[in-house]
Amino acid sequence: MAHFKEVTQQSGLHPKPAGLVLQYGTAGFRTNANQLDHIMFRMGLLATLRSKKTKATIGVMVTASHNPEEDNGVKLIDPMGEMLTSSWEGYGTQLANTEQEELLTTLKDIVEKEAIDMSHEANVFVGKDTRSSSASLSQAVLDGIKALGGHSKDYGLVTTPQLHYMVCCQNTQGKYGEATLEGYYSKLSQAFSQLAKNASNRTDDQKHLRVDGANGIGAIKVRELESHLKKDLQLSIFNDGSRGKLNHQCGADFVKVQQKLPIGIKINPGDRCCSFDGDADRIVYYYTDSKGHFHLLDGDKIATLISSFLKELLNEAGLDLKIAVVQTAYANGSSTYYLENTMKVIVRCTKTGVKHLHHAAQEFDIGVYFEANGHGTVLFSRGAEGKIQQLAADTNINDERKKAAFLLQNTINIINQTVGDAISDMLLIEAILAIKGMTVQQWDTIYSDLPNRQLKVKVSDRRVIETTDAERRAVTPAGLQDAIDDLVKKYKQARSFVRPSGTEDVVRVYAEADTQENADALAHEVSLAVYGLAGGVGDEPKPLH
Ligand code: NG1
Ligand code: ZN
């Protein structure tokens, strides 16, 4: 086959360093950028095969999200804009690790196993973030696609969720929207302006939002969005990439983990602020109070705000649709308690990684899913969307129902259902706050977070920790879970769990308790247990205080 010959020739320009082994992890491949050229070429090959197999357009995004500037990574996007199906992640790992001379054999194995018709045409959309390594790495992806005879469309600089959106638009023949940036901005901003019409007399202060762009792609794209928003929302953009370093002391991950303001943002008490991560698929909100204390509104608070808004609208519309909130073990215990006991919505807990949350959310009429770190969105089943559209078109209903149906309809349009999207989530949150006439402080008081702490422990092989019950209990190594259970008993309102990270070579420790001191102490003691029982390396974890 002519294409295979081309692959052999071209792959020589993107050689694999002998012996290097990488895994398709929680969110694709991610490591230091100088180890990734061959991975990118090979993911171009894999995306082309996936496109031939699914007879649809596939996406490849070059980004390392919230990781440091020196890193990079790649994520594949399946036809409906969702993450690559897990059954293909193994092929990704195989292709990534096969030595140069075996590449063709591995490729042909996949073609055979999947019975791929190589004469079928392939189409792949490619996007990249602002990292300095992204230009040459995305070129390597394009080279891989070309080598296998696939067609590519290079979207250049886009956020991760924008590329997911493009793939979905393309494969639904425009039903989801137009597969252009202009199409994306006009769909979202029109929905926002329809929703904002239902807000009463907002002052300029209420319309004002401060955005920390993490010195990344989100800053560029939110500026492009701005011109479509007219005066409905006024944005001040900080960390826009003109000076600072990507994700360095700024961005959603920094703000969430450090629980403090990003660098370079100027705010007064009560000002509403949000931070995006490096590829704009996560968002968290925050403000400072009159005493200068920092208050974070993370993915759990966002899920609560959105689900209570939707639940009220469903009531007003008289629609009987099943709504659920999907979280992970990192969700603050207070949020889970509030959702289950006060709001009385169904709550599901899944393993970490958005694909798990996405799948669980698909089981409901309306599934709101968020990781505590701010990655999340809302999924509407086809049936639910149909009922909402039908109601909105019904001329025989009262004004209250009509208004609720109209708001639900525009809420569907403002949401990027393919994946968590900082820009789309930001617009929805701003619309909800405006409609409810709610300040960020009022939103914050819905429930109070339990003090919590996240730590990392280095061990020689993090795979010695195996977990069950949506990662909330460790099955191995022997004795670790018993030790955690004993430590948790020492504190009030306490909870703790450990799991190996899927994106870093560390074990993550999470603890919450009645006070910050206790959460810190528990996290430290659990870290010591991990260090002692799971093969800790380097210095023993030190107490936080
Ligand atoms: P790992 O490294 O597996 O904990 C982290 C985040 C995930 C997810 C992925 C992908 C935490 C605790 N973990 O995964 O939620 O966002 O990165 O980016 O935030
Ligand atoms: Zn991200």
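Described in the following lines is the structure provided in the data block. (Residues numbered from 1 in each chain as written. Chains lettered and ligands numbered in written order. Predicted model: local features only at pLDDT ≥ 70, side-chain atom pairs only at ≥ 80, totals over all residues. Heavy atoms only, no water.)

## Side note on the packing of aromatic side chains
Thought 1: All chains considered together, the criterion is met by 12 aromatic pairs.
Thought 2: On the basis of an interplanar angle of 65 degrees and a centroid distance of 4.9 Å, the ring pair of Tyr 330 and Phe 497 is categorised as edge-to-face. Remark: Phe 497 occurs in strand β18 (residues 495-500) and Tyr 330 occurs in the loop between β11 (323-328) and α12 (333-342); sequence separation between them is 167 residues. No difference in accessibility class separates Tyr 330 from Phe 497, as the two residues are buried. (Phe/Tyr/Trp six-rings, centres within 6.5 Å; stacked < 30°, edge-to-face > 60°. Helix = DSSP H or I, 4+ residues; strand = E, 2+ residues; numbered from the N terminus. Buried < 20%, exposed > 50% of the residue type's maximum accessible area, 1.4 Å probe, protein only.)

## Here's the deal with the sheet that holds strand β6 (residues 208-212)
Thought 1: The sheet built from five strands is open, its strands ordered β7-β6-β8-β9-β10 with mixed pairing. The sheet terminates laterally at β7 (234-238) and β10 (294-297), the two strands that pair on one side only. The sheet shows a mean angle of 30 degrees between the axes of neighbouring strands, taken without regard to direction. (Pairing = 2+ DSSP bridges. Axes fitted to C-alpha atoms, helices over the stretch in contact; angles between N-to-C directions.)

## Describing the pattern of salt bridges
Thought 1: Within the structure shown, the criterion is met by 27 salt bridges.
Thought 2: The shortest N-O distance in the salt bridge between Asp 486 and Lys 489 comes to 3.5 Å. Taken together, the residues Asp 486 and Lys 489, both in helix α18 (residues 480-489) and three residues apart, mark about one turn of the helix.
Thought 3: Residue classification places Asp 486 among the partly exposed residues on the basis of a relative accessible area of 46%.
Thought 4: A salt bridge links Glu 512 to Arg 495; the nearest nitrogen and oxygen atoms lie 3.1 Å apart. Of the two residues, Glu 512 is situated in strand β19 (residues 507-512) and Arg 495 in strand β18; the sequence distance between them amounts to 17 residues.
Thought 5: Connected through salt bridges with shared partners, the residues Lys 75, Asp 279 and Asp 281 form a single ionic network. (Salt bridge = Lys/Arg side-chain N within 4 Å of Asp/Glu carboxyl O.)

## Describing the coordination of the zinc ion (ligand 2)
Thought 1: For the zinc ion (ligand 2), every protein donor is listed as Ser 65 (OG), Asp 277 (OD), Asp 279 (OD) and Asp 281 (OD), and the spread of their distances is 2.0 to 2.1 Å.
Thought 2: For the zinc ion (ligand 2), the four donor atoms in the first shell make angles of 86 to 169 degrees at the metal, a pattern classed as irregular.
Thought 3: As a motif over one chain, the donors of the zinc ion (ligand 2) read S-x211-D-x1-D-x1-D. Within this pair, whereas Ser 65 is found in the loop between β2 (58-62) and β3 (71-77), its partner Asp 281 is found in the loop between β8 (273-276) and β9 (283-288), the two being separated by 216 residues in sequence.
Thought 4: Taking the relative accessible area as the measure of exposure, Ser 65 reaches 3% and is therefore buried. (Donors = N, O, S within 2.8 Å, 3.2 Å for Na, K, Ca; no water. Tetrahedral: all angles 85-135°; square planar, octahedral: opposite > 155°, others 65-115°.)

## Points about unusual backbone geometry
Thought 1: Between Thr 476 and Pro 477 the backbone carries a cis peptide bond, its omega angle lying at -5 degrees.
Thought 2: Positive phi is not limited to glycine here, since Ala 214 has a value of about 60 degrees.
Thought 3: Turning to its location among the elements, Ala 214 is positioned in the loop between β6 and α9 (217-226).
Thought 4: In this structure, Asn 239 is a non-glycine residue whose phi angle is positive, near 45 degrees.
Thought 5: For Asn 239, the position within the fold is in the loop between β7 and α10 (252-258).
Thought 6: The exposure class assigned to Asn 239 is buried, which follows from its relative accessible area of 13%.

## Some words on the site of ligand 1
Thought 1: Around ligand 1 sit 15 residues, and of these Arg 499, Ser 501, Gly 502, Thr 503 and Arg 508 come closest.
Thought 2: Residue Arg 282 places a side-chain N or O atom 3.2 Å away from an oxygen atom belonging to ligand 1.
Thought 3: One of the side-chain N or O atoms of Arg 508 is found 2.6 Å from an oxygen atom in ligand 1.
Thought 4: When ligand 1 sits alone it has 430 Å² of accessible area, and the protein chains cover 92% of it. (Near = heavy atom within 4 Å. Polar contact = N/O pair within 3.5 Å; in protein donor to acceptor, adjacent residues only side chain to side chain. Areas by Shrake-Rupley, 256 points an atom, 1.4 Å probe, with all protein chains shown as cover.)

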